[in-house]
Structures are given as C-alpha cells and as structure tokens.
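So you can see what is in the structure, the chains are spelled out below.
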Amino acid sequence: MRSDSLDAAFRATTYRVESGEGVFELRIGIPNAAFDDFLRRRGVSRWGMITAYNPGGVRSDDENPLRHHRLLEQLQARGWSCLSTCNLADDGVWPEEPGFLILQVSETETCTLAVEFLQSACVCGDIGSTPRLVWL
C-alpha cells in the first residue's frame, strides 16, 4: 500500500549493489554514470531490484532470512542473472534489507516477482536512465 511516509522512506534509501567490479550506490531519480558503464560492459540494458524483506513495509525480522532464501531460489529457478544488494535507510533506524539486482529483466517481470513476495514497490531502471521507484 502506497503512503506518503512509505514513499519518503523508499526515496531516503541508498540501494547498494555489490559486484566483482566494485560497489555502486543508487538513489531513486539520481543518475549513476559508473553503474551505467558497468551495465554496458556486461551487455545489460535493463534491470530490476527487489528484496523479500519486510513485506508491505512491516518489519518481520524473524521471517526475513527465510524469505530472502526463497527469493534466491526463485531467481535461480528462472535462470536470471543477479547480484547482491543491500537497501540502507538514511536515518539508520530501519534495518538493512538484503536483496537482489536482476540483470536484463523487464519491469513487468520484476514487478510480478515483487508482488509474489508481497512487496509494496520495487526499483527498476534502464541503461542511461535514473533508478525509478515502481509501486505495485
């Protein structure tokens, strides 16, 4: 469910991508040339980012690791190439949320998987554009 406070929280978050070539810190609506260069070198034109943590924006610390493992299993079953991510809230109050950057996946595919994991939103992008928050 979209709310002003949840929207503000998603926008006040750094979406950290960990790769063999370094760490990229993405923000909603802010370009990242180094990340685009990384994607070009890998032949990737579009991507999606999701977490299985805290469905609906409600903390569920005890269940989060199991959800994360189930998400990884789903990504592997679909044969999608992915990298580890971590969502870091600016205020430091909300706990870190591990997730995945899925390479060369459509926004529709990303959103469909995020809905399966009861997420309120996901982050998607295309090479040369800024990361965008997509409400589900």
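Above this text is the structure in question.
Residues numbered from 1 in each chain as written. Predicted model: local features only at pLDDT ≥ 70, side-chain atom pairs only at ≥ 80, totals over all residues. Heavy atoms only, no water.

Visitor: Give a description of the side chain of T51 that names residues and reports values.
Guide: Examined against the element boundaries, T51 turns out to sit in the loop between β3 (46-50) and α3 (64-78). Judged by its relative accessible area of 7%, T51 falls in the buried class. In this structure the side chain of T51 is engaged in a polar contact, spanning 3.1 Å, whose partner is the backbone nitrogen of Y53. For T51, the side chain forms a polar contact with the main-chain oxygen of P98, separated by 2.6 Å. In this structure T51 touches L71, N87, E97, P98, G99 and Q119, once residues within four positions along its chain are discounted. (Helix = DSSP H or I, 4+ residues; strand = E, 2+ residues; numbered from the N terminus. Buried < 20%, exposed > 50% of the residue type's maximum accessible area, 1.4 Å probe, protein only. Polar contact = N/O pair within 3.5 Å; in protein donor to acceptor, adjacent residues only side chain to side chain. Contact = heavy atoms within 4.5 Å.)

Visitor: Lay out the sheet that holds β3 with the relevant residues and their values.
Guide: Pairing in this open sheet of seven strands is antiparallel, and the strands run β2-β1-β4-β5-β3-β6-β7 from one edge to the other. Each edge of the open sheet is held by one strand with a lone partner, namely β2 (22-26) and β7 (132-135). Sheet twist, expressed as the mean angle between neighbouring strand axes with direction ignored, is 30°. Taken together, the six bridges between strand β4 (residues 82-89) and strand β5 (residues 97-103) define a ladder with antiparallel strand orientation. Considered in β5, the bridge of C82 is made with I102. (Pairing = 2+ DSSP bridges. Axes fitted to C-alpha atoms, helices over the stretch in contact; angles between N-to-C directions.)

Visitor: Explain the environment of H69 to me, and be specific about the residues and the numbers.
Guide: Tracing the backbone shows H69 in helix α3. The class for H69 is partly exposed, based on a relative accessible area of 43%. Considering only alpha carbons, one finds H69 and G99, 30 residues apart in sequence, at a separation of 9.9 Å. There is a polar contact of 3.0 Å between the side chain of H69 and the side chain of E73.

Visitor: Summarise the pairing of β3; cite the residues concerned and give the values.
Guide: Taken across its five residues, β3 has four buried, putting it largely inside the fold. Across four bridges, β3 lies against β5 in antiparallel orientation. Within the sheet, the bridge partner assigned to M49 lies in β5 and is L101.

Visitor: Help me get a handle on the pattern of salt bridges, residues and values and all.
Guide: This structure, assessed with the given rule, holds 11 salt bridges. The partner of E25 in a salt bridge is R16, with the nearest N and O atoms 2.7 Å apart. Taking relative accessible area as the criterion, R16 reaches 28% and is therefore assigned partly exposed. Two residues, R78 and E116, come together in a salt bridge whose shortest N-O distance is 3.0 Å. Residue R78 is located in helix α3, and its partner E116 is located in helix α4 (residues 107-116); the two are separated by 38 residues in the primary sequence. Assessed through its relative accessible area of 41%, E116 is described here as partly exposed. Taken together, the shared-partner salt bridges in this structure form one network comprising R2, D7 and R11. (Salt bridge = Lys/Arg side-chain N within 4 Å of Asp/Glu carboxyl O.)

Visitor: Give a description of unusual backbone geometry that names residues and reports values.
Guide: For N54, which is not glycine, the phi torsion reads 50° and is therefore positive. Residue position: N54 is located in the loop between β3 and α3. You can call N54 buried: its relative accessible area is 3%. With a phi close to 55°, Q104 is a non-glycine residue in the positive phi region. Turning to its location among the elements, Q104 is positioned in the loop between β5 and α4. Under the relative-accessibility criterion, Q104 is labelled partly exposed at 37%.

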